[in-house]
Amino acid sequence: MLVDGKPYRTIWLNDDGRSVDIIDQTRFPHVFSVVTLKTMKAAAVAIRTMQVRGAPLIGATAAYGMALQMAEDPGDAGLDHAYRTLMATRPTAVNLRWALDEMRELLRELPLGERSARAYLRAAEICDEDVEICAAIGRNGLEIIRDIAHRKGQGATVNILTHCNAGWLATVDWGTATAPIYMAHDAGIPVHVWVDETRPRNQGAALTAWELGRHGVPHTVIPDNSGGHLMQHGQVDMVIVGTDRTTASGDVCNKIGTYLKALAASDNCVPFYVALPSPTIDFTIDDGLREIPIEERAGEEVSRICGLTREGRIETVSIVASGSPVANHAFDVTPARLVTALITERGVVAADKNAIAAMFPERVQSAQAREPQVGTA
Ligand code: MRU
């Protein structure tokens, strides 16, 4: 997408042909800065500290992390070490495992001398594929928005609520939840986005609002607890969120607070859509509540908040009574029954095991092939 007229992706190969550049998302919305990752360890730190975040971008960064390792040490021990180090960075987004499995399976079959070049090539392909996938999600979701606009009547604005950042900053480009919104806006359909601030890290206020603003999409940032009220008063036509992991049966894990929005949407007959690339579907599990690991992050993300003072200084202040314990669960699971449909690169599909399997039969097969067989070592 464009930043001050210049096209950017969130991750790209540095001009030196070996290092990897990322946009540092910990400094948004006040500072736009690019950081160069020179080692696999730096890629792991970038994922863990959320300089890069969002399921698809975590996967893309991990793929480049494997390439950085291959440039440094293409041996089997280095390959396994990189796989384990990167896998341990964040537990919930399944795109991380998907990208690391892709890279390891490809690389371990190759002679050492070929591994580095092939790793960089595959990491770049994963990034390009993500851009294609998100664009396709955008085209498929655009039809849903167009339909709502048509039903509302000529010139009426379609009000869309989103949670967290499932925008281009969370992917390589376009975003998942935002891709249909950008395309609708570009097609001249009047859209307005209610942006949940998304405490504690404020991905909505800091990232989604920044993105939408740069693209000129009308939006309003709201506290996380406003959505239900807006839905009760007919001010939300649809919800679109992203996901970090969706099970084979359509349970959706996403940023904490998503479930409450789905409940409110269901109570108010507001359609609740989840936009996702197929690498975010974990075909090895069915039960989102029991089987998806939910990341718990530092309490400081809740008890402290960072912002820009009137004098232009970036400062972090404490907002919780001293001594009070805090909890910071980063994700929750929305059961499939609350999801109107999934917007994927292949089309819009019910959040239902058979429907998902029919849309992605080869992914079901490869998940089954990977499952350990009973009685084998
Ligand atoms: O903790 P984050 O910022 O990595 O969480 C991101 C989300 O929850 C996004 O909604 C999800 O990854 C989808 S991104 C297209």
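Small disclaimer: the values here were computed from a predicted structure and weren't measured. (Residues numbered from 1 in each chain as written. Predicted model: local features only at pLDDT ≥ 70, side-chain atom pairs only at ≥ 80, totals over all residues. Heavy atoms only, no water.)

Draft legend 1. Representation of the sheet that holds strand E8 (residues 219-222) within the structure. With respect to topology, 7 strands assemble into an open sheet ordered E8-E7-E6-E9-E12-E17-E18, the strand pairing being mixed. The sheet is open, and its two borders are formed by E8 and strand E18 (347-349), each paired with just one other strand. The average undirected angle you get between the axes of adjacent strands in this sheet is 25°. In this structure, strand E9 (residues 238-241) lies alongside strand E12 (residues 272-275), joined through 3 bridges in parallel fashion. In the sheet register, Val239 faces E12, and the bridge partner there is Phe272. In the packing of helix H7 (residues 203-215) onto the sheet, contacts are made with strand E6 (158-162), strand E7 (191-196) and E8, and the angle to E7 comes to roughly 165°. Helix-sheet contacts for helix H9 (residues 258-267) involve E6, E7, E9 and E12, and the interaxial angle to E12 is about 145°. (Pairing = 2+ DSSP bridges. Helix = DSSP H or I, 4+ residues; strand = E, 2+ residues; numbered from the N terminus. Axes fitted to C-alpha atoms, helices over the stretch in contact; angles between N-to-C directions. Contact = heavy atoms within 4.5 Å.)

Draft legend 2. The arrangement of the site of the ligand in detail. Near the ligand lie 19 residues; those nearest to it are Arg90, Gln203, Asp244, Asn254 and Lys255. Between the ligand and the protein, one listed contact pairs an oxygen atom with a backbone N or O atom of Ala55 at 2.9 Å. Protein coverage of the free-state accessible area of the ligand, which is 420 Å², stands at 100%. Applying the majority rule of atoms within 2 Å of the grid points places the ligand in the largest cavity. Broken down by class, the residue content of the shell around the ligand amounts to 7 nonpolar, 8 polar and 4 charged. Of the residues that make up the shell around the ligand, three or more belong to each of domain 1 (2-128) and domain 2 (135-369). (Near = heavy atom within 4 Å. Polar contact = N/O pair within 3.5 Å; in protein donor to acceptor, adjacent residues only side chain to side chain. Areas by Shrake-Rupley, 256 points an atom, 1.4 Å probe, with all protein chains shown as cover. 1 Å grid on protein atoms, 1.4 Å probe; cavity = no way out; pocket = protein on both sides within 12 Å on 5 of 7 lines; lining within 4 Å. Sits in = over half its atoms within 2 Å of the grid points. Nonpolar A, V, L, I, M, F, W, Y, C, P; charged D, E, K, R; others polar. Domains from an automatic or database assignment.)

Draft legend 3. Unusual backbone geometry, seen in detail. Residue Pro29 follows Phe28 across a cis peptide bond; omega there is 0°. On the secondary structure map, Pro29 appears in the loop between strand E4 (20-23) and strand E5 (34-37). Of the consecutive residues Arg199 and Pro200, the connecting peptide bond is found in the cis state with omega at 5°. As for its placement among the helices and strands, Pro200 is situated in the loop between E7 and H7. In the Ramachandran plot, Cys164 falls in the positive-phi region, its phi being about 65° despite a non-glycine side chain.

Draft legend 4. Main features of the layout of surface pockets. Space inside the largest pocket adds up to approximately 710 Å³. Where the lining of the largest pocket is concerned, the elements lending two or more residues are H7, helix H11 (300-303), strand E14 (304-308) and strand E15 (314-318). Partitioned by chemical class, the residues of the lining of the largest pocket number 12 nonpolar, 7 polar and 7 charged. Residues lining the lining of the largest pocket come from more than one domain, with at least three contributed by each of domain 1 (2-128) and domain 2 (135-369). Counted as a void, the second largest pocket has a volume near 470 Å³. (Points joined across faces, edges and corners; volume = space filled by probe spheres on them.)

Draft legend 5. Region of the structure containing the sheet that holds strand E3 (residues 11-13). Read across the open sheet, the 3 strands follow the order E3-E4-E5; overall the sheet is antiparallel. Only two strands of the sheet have a single partner each, and these edge strands are E3 and E5. Put simply, the sheet's adjacent strands are angled 25° from each other on average, direction ignored. Here E4 pairs with E5 via 4 bridges, running antiparallel. Residue pairing across strands places Ile23 opposite Val34, the latter belonging to E5.

Draft legend 6. Focus on empty space enclosed by the protein. Per the counting criterion, the structure on display carries 4 cavities of 30 Å³ or more. Estimated volume of the largest cavity: approximately 170 Å³. Surrounding the largest cavity, 21 residues form its lining, Arg53, Gly54, Ala55, Asn165 and Asp244 being those nearest its centre. Those elements that provide at least two residues to the lining of the largest cavity are helix H2 (55-72) and strand E11 (252-255). Class assignment for the residues of the lining of the largest cavity results in 9 nonpolar, 8 polar and 4 charged. Counting contributing residues per domain, the lining of the largest cavity is built from domain 1 (2-128) and domain 2 (135-369), each supplying no fewer than three. Its volume calculated, the second largest cavity comes out at about 110 Å³.

Draft legend 7. Up close: the domain arrangement of the protein. For the protein, the assigned domains are domain 1 (2-128) and domain 2 (135-369). When domain 1 packs against domain 2, the two sides together hide about 2700 Å² of surface, and 59% of this comes from carbon and sulfur. It is Phe28, Arg53 and Thr92 that lose the most area in domain 1 upon contact with domain 2, and together they represent 21% of the buried surface on that side. Seen at the junction of domain 1 and domain 2, the total is 3 salt bridges. With its nearest N and O atoms 3.0 Å apart, the salt bridge here joins Asp282 to Arg97. (Buried area = accessible area lost by both parts, 1.4 Å probe. Salt bridge = Lys/Arg side-chain N within 4 Å of Asp/Glu carboxyl O.)

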